[in-house]
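Commentary on secondary and tertiary structure
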Amino acid sequence: MRNELLKEYSPYLEFKNGTLHFDGVNLKKLAEELGTPLYVYSANHIRDQIRAYKEAFPDALIAYAVKANFNLGVIKIAAEEGCGADTVSGGEIYRAIKGGIPANKIVYAGVGKTDEELNYALEQDILMFNTESEMEIEVLNELAGKKGKKARIAVRVNPDVDPKTHPKIATGMKKSKFGIDINKAFEVYKWASQLPNIEVVGIHCHIGSQLLDLSPFGEAVEKVVNLYNKLRAEGIEIKYIDIGGGLGIKYKPEDKVPTPKDLADIVLPKLKGVDAQLILEPGRSIAGNGGLLLTQVQFLKQKEEKLFVMVDAGFNDLLRPAMYGSYHHIVAVEEKPKTIRCDIVGPICETGDILGEDREICEVNRKDYLAILSAGAYGFVMSSHYNMRPRAAEVIVENGEYRITRPREDWDYILWKETV
Ligand SMILES: *Cc1c(COP(=O)(O)O)cnc(C)c1O
């Protein structure tokens, strides 16, 4: 029963002889060996997700959104599977290239790109700048000119659809800071296509994240195709249609999640007759359930109202519960016949440092381990040093073996170059 639910998170997650395993690795042994908090990523899970996209969209470029999980080992897996990268900063372009993704498969979005970042991206000759304002296009034109280059751009259009997700991760609505209103985009394209150092090649949109209902995708793609047709009639040739990422994943046990194939069934019919390469930018749906966070129980405390389980991971390690009120399923690494009801809380000196509220888990004691599921995306990448806490180590598991891809930090690492 328990294993059946786990399989819905990842086929590589299961209890064997009463102990939780991920991609063949015993998580209790792993935690004992490497310490906690520890981010664990399953290479096979990540590969399977990418392959599901490639099967559903055989002709598309799958540009993995590295902001979801920018660990070099994870990027390398994406590179091995033939992915490009969707990036949102110069540093992410740098990482993507270090991880083995060819520059000519990298797209670059973001509302506040600096000159330094734009110059770096121009030098690397990336596939496409997903531009977010007219001023950005002007600056890019100027910077490209100085280098004697032409910058390939898409305009990120804001299709004004409601993605029906958490307001903090909805990006395609009128009032959001992202993109250019789709009704205005046609004029912007006409203007940009006249600039000497700009080559207009694409249309980009990204409407939000953790989408469980796919109808907003359909709406957005329809609007993008209308724009594509209008531009074509004007003689502006569009080579790439980039529809962003956003496919949701399972967080709660009751969540029913769409697959890349479901997305293809909505999107591909609308692109019939469109002579442009499709680009997708999935992040969460590639890495999210490919990762979990292992943490150790430090203390238990029974207060009048509830039982608190204090663990060694806090919102400096996993921000999503505190930031978005997100649910992450939590399971004890060892199965026990008895269960307890408790709040699972971190060590950070903030009341909001709650990882799981009012949860039923197998009975645990001091030094036992818990696994926080669905932590492979927007997990480690959002971690901080708050309360002077070194960031967790990251390890990749694959077919019963593991490799440390980022060692645990220590206090001196945090003090790097700092002086009194
Ligand atoms: C964050 C982001 C993505 C990835 O979104 P997911 O929901 O993780 O798939 C893709 N494209 C852009 C422009 C983004 O900002």
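Each remark here, short or long, concerns the structure printed above.
To keep things clear, this report deals only with the structure shown in the data block. (Residues numbered from 1 in each chain as written. Predicted model: local features only at pLDDT ≥ 70, side-chain atom pairs only at ≥ 80, totals over all residues. Heavy atoms only, no water.)

**A word on a nonpolar patch on the surface**
On the surface, Met-388, Trp-411 and Leu-415 cluster together to form a nonpolar patch covering roughly 330 Å² of accessible area. Mapped onto the elements of the fold, Met-388 is located in the loop between strand E19 (369-372) and strand E20 (393-398). (Patch = residues over 30% accessible without salt bridge, like charges linked within 9 Å, V, L, I, M, F, W, Y side chains within 5 Å. Areas by Shrake-Rupley, 256 points an atom, 1.4 Å probe, with all protein chains shown as cover. Salt bridge = Lys/Arg side-chain N within 4 Å of Asp/Glu carboxyl O. Helix = DSSP H or I, 4+ residues; strand = E, 2+ residues; numbered from the N terminus.)

**Some points on the site of the ligand**
The environment of the ligand is made up of 14 residues, and the closest members are Lys-67, Ser-209, Glu-281, Arg-284 and Tyr-378. Side-chain polar atom of Glu-281 to a nitrogen atom of the ligand: 2.5 Å apart, as the coordinates give it. Gly-283 has a polar backbone atom sitting 2.9 Å from an oxygen atom of the ligand. Look at the ligand: alone it shows 390 Å² of surface, and the protein chains cover 95% of it. Here the ligand is seated within the largest pocket. Each residue belonging to the shell around the ligand can be placed in one class, and the counts come to four nonpolar, six polar and four charged. (Near = heavy atom within 4 Å. Polar contact = N/O pair within 3.5 Å; in protein donor to acceptor, adjacent residues only side chain to side chain. 1 Å grid on protein atoms, 1.4 Å probe; cavity = no way out; pocket = protein on both sides within 12 Å on 5 of 7 lines; lining within 4 Å. Sits in = over half its atoms within 2 Å of the grid points. Nonpolar A, V, L, I, M, F, W, Y, C, P; charged D, E, K, R; others polar.)

**Looking at the nonpolar core**
Within the largest apolar cluster, 100 residues are counted, with the highest numbers of intra-cluster contacts made by Phe-57, Phe-129, Val-157, Tyr-189 and Leu-370. Sort the elements by how many residues they give to this core and helix H9 (residues 215-233) lands first, with eight residues. Residue assignment places this core across two domains, with domain 1 (2-42 + 289-415) and domain 2 (109-282) each supplying three or more. Residue contacts for Val-157: discarding those within four places in its chain leaves Ile-180, Ile-182, Ala-185, Tyr-189, Ile-203, His-204, Cys-205, Val-224 and Leu-227. Counting residues in hydrophobic clusters, the runner-up holds 23 residues, among them Leu-20, Ala-31, Leu-292 and Ala-371. (Core = buried A, V, L, I, M, F, W, Y, C linked by side-chain atoms within 4.5 Å. Buried < 20%, exposed > 50% of the residue type's maximum accessible area, 1.4 Å probe, protein only. Domains from an automatic or database assignment. Contact = heavy atoms within 4.5 Å.)

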